[in-house]
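Now for the letters of each chain:
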Amino acid sequence: MNVKLVNQPLASIDADLTLEFITPQQLLRHPQKEILLMAGFKAEEEQICALHEQRLLVCGINNLSDELFRTTMAKAIKLVMEYSYNSLKLLQYGDNHFKALIEGVILGSHRLNAYKSEPKPSQLTEVIFSNEEINGLDLDTTKLEKTLTQTLIISKATNFVRDLVNQTPYDMTPQGMAITAEDIANSNHLECTILDVNGLMDEKMEAMMAVGRASINPPRLIHLSYKPKNPKKVITLVGKGLTYDSGGLSLKAAASMVTMKMDKAGGCAVMGIIKAVSELGLDIEVHAFVGAVENMIGGNAYKPDDILRAKNGKTIEVRNTDAEGRLVLADVLGYAQEKIKSDYIFDYATLTGACMVALGPYTTGVMGHNEELKQSWLTAAQDSGEYCGNLPFNRHLKKLIKSEIADICNVSSKPYGGAITAALFLDNFIDENMKDKWVHFDIAGSAYTESAWDVHTYGGTGAGVRMTLEWLLKLQQGLQ
Ligand code: BES
Ligand code: ZN
Ligand code: ZN
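Positions within a chain are numbered from 1, following the residues in the order the chain's sequence is written. Whichever chain is written first becomes A and whichever ligand is written first becomes 1, with later ones labelled in order. Totals for whole chains, interfaces and linings use every residue, but because this is a predicted model, local features are given only for residues with pLDDT of at least 70 and side-chain atom pairs only at 80 or more, for both listing and counting. To get the side-chain values, all heavy atoms of the structure are used, and hydrogens and water are removed first.

Trainee: Got a sec to walk through unusual backbone geometry? Specific residues and values, please.
Mentor: The phi torsion at His189 lies on the positive side, around 55 degrees, for a residue other than glycine. Here a strand is any run of E in DSSP of at least two residues, a helix any run of H or I of at least four, and the numbering for each starts at the N terminus. By secondary structure assignment, the location of His189 is in the loop between α6 (174-188) and β7 (191-195). Positive phi values are uncommon outside glycine, yet Asp454 reaches one of about 50 degrees. The residue Asp454 is located in the loop between β18 (448-449) and β19 (459-460) in this model. Burial classes follow relative accessibility: with a 1.4 Å probe on protein chains only, a residue under 20% of its type's maximum area counts as buried, one over 50% as exposed, and anything between as partly exposed. Relative accessible area serves as the criterion here: at 25%, Asp454 is assigned to the partly exposed category.

Trainee: Mind laying out the environment of Lys339, listing which residues take part and the relevant values?
Mentor: Structurally, Lys339 is set in helix α11 (residues 325-339). By relative accessible area, Lys339 is classed as partly exposed at 38%. Considered as a pair, Lys339 and His110 are 229 residues apart in the sequence and their alpha carbons are 37 Å apart. What qualifies as a polar contact is a pair of N or O atoms within 3.5 Å, subject to a donor-acceptor requirement within protein and to the restriction that residues adjacent in sequence count only when both atoms come from side chains. A polar contact is formed between the side chain of Lys339 and the side chain of Glu203, at a distance of 3.3 Å.

Trainee: A description of the site of ligand 1 should follow, citing residues and the corresponding values.
Mentor: Any residue with a heavy atom lying within 4 Å of a molecule or strand is counted as near it. Close to ligand 1 lie 17 residues, the nearest being Lys252, Asp263, Asp322, Glu324 and Gly353. Within the contact set of ligand 1, a nitrogen atom lies 2.8 Å away from a side-chain nitrogen or oxygen of Asp263. One nitrogen or oxygen atom from the main chain of Gly353 is found 2.8 Å from an oxygen atom belonging to ligand 1. Protein contact buries 78% of the 520 Å² of open area that ligand 1 shows by itself. Note on areas: these come from Shrake-Rupley sampling with a 1.4 Å probe, and a residue is covered only by the protein chains present in the view.

Trainee: Explain the pattern of salt bridges to me, using residue names and the numbers behind them.
Mentor: Pairs may arise between side chains of opposite charge once their charged atoms sit close together. Should a side-chain nitrogen of Lys or Arg be within 4 Å of a carboxyl oxygen of Asp or Glu, the pair is scored as a salt bridge. A complete count under the given rule lists 20 salt bridges for this structure. As a salt-bridge pair, Lys227 and Glu191 come within 3.2 Å of each other at their nearest N and O atoms. On the criterion of sequence distance, the pair formed by Lys227 in the loop between β8 (220-226) and β9 (233-245) and Glu191 in strand β7 is long-range, its members being 36 residues apart. Taking the relative accessible area as the measure of exposure, Glu191 reaches 42% and is therefore partly exposed. In this structure, Asp263 engages Lys240 in a salt bridge whose closest nitrogen and oxygen atoms are separated by 3.2 Å. Taken as a pair, Asp263 in the loop between α9 (254-257) and α10 (265-280) and Lys240 in strand β9 lie far apart in primary sequence, 23 residues in all. Assessed through its relative accessible area of 2%, Asp263 is described here as buried. If you follow the salt bridges from partner to partner, you end up with Arg70, Lys99, Glu103, Asp383, Glu470 and Lys474 in one network.

Fair warning: the whole summary comes from geometry, so function is off the table for now.
Below you can see the structure in the form of structure tokens.
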């Protein structure tokens, strides 16, 4: 989809269809009021009415929030893509809703076509924004241009991550993740290092190797770096990249196994983020680490009762092979901190079903020791259109992952607070000097959906991408 900004009044722009947002009050003064009312249109939230003779698409919006502009735009784009129009034009609404509208266009126009033998064609190729504002406000065109460029990069990176997550476990193996990383590195001038099993062995990453041992698709550790000259800060991102999570010997039930191709979403997110960071040309050094592994069963599978030694020397009692993400992250966090001294370390993982129980299926769980840092993330998430919720640590929960036989156990002794105890497990692999610089994001609920919500339809959502780029843009501006 070609999205452009034109410095012309809306009326002088040539396009097949005009899109308008109107509130219930504006409806009463609308020139097409009679026909719209006749069609049952009341300008209610996300209500859309097409007046084809007038080449007009009217979208209801009952408050002027970014969230409604974004979701309504996404819904409208989906509808227009079903028609035969080639181009669509619209005005600006206020001086700060442009970003939400562009996001609506790019995220709303994303389609799940890769595995269809006959992908649905769409005639719509162009969305044209005028710089004219609905109430005649004089807008700064340079600022609009910048918003357009940045938002296109971020939204397209989100779609890129969605496409990666949606790939089948057959197509996207750990080696597939490594090849994807190399492709990103080549097209974005990034450095890329890949460790295979021998490399993992040399690095003493026994926990990650154990998880991948029963798979015919051996694990890979990916390290992508973006290194601008004189960076303001150095950031490390770590992603859980389970290309499939069968549960291992603690096998998942049939119904819970379906969708577990999405267990790589954290790894895909950090790859999409670093791609966007380089396209945005940020003055921040970013390192993305992915533990790409397949958790399978077999004669050589790791077992409940095994004790693993992680890279930082701590021993882990395995009581459930389905709590594999934390084992992979334990080693990748250890490796990342050893290789790169950074100002912050953030990890992204579809880690626990418990996170969905705690926060619902749309919200990313935010965990860590630094309240102020977590708050900055909650704000960035809100500004980006993603949902995040704080899940607080406490010293009692910490005791639930004690082990009688090893340093720590990979599951909690109690069935409650599983998202937090998983994060407290990861805490054991965060170096002392990084405790206050670390945030863990549990994207188990937010990374994938089987029913439409917000700007998402079916499949990967790209969770983590928009909020992280929002946070990094604020850091770049010295606001963080
Ligand atoms: N990948 C899953 C978590 C998950 C569940 C993500 C549902 C998305 C949707 C993770 O590896 C897992 O299986 N976690 C277990 C942990 C338990 C064994 C302590 C869980 O959540 O049940
Ligand atoms: Zn699992
Ligand atoms: Zn998993």
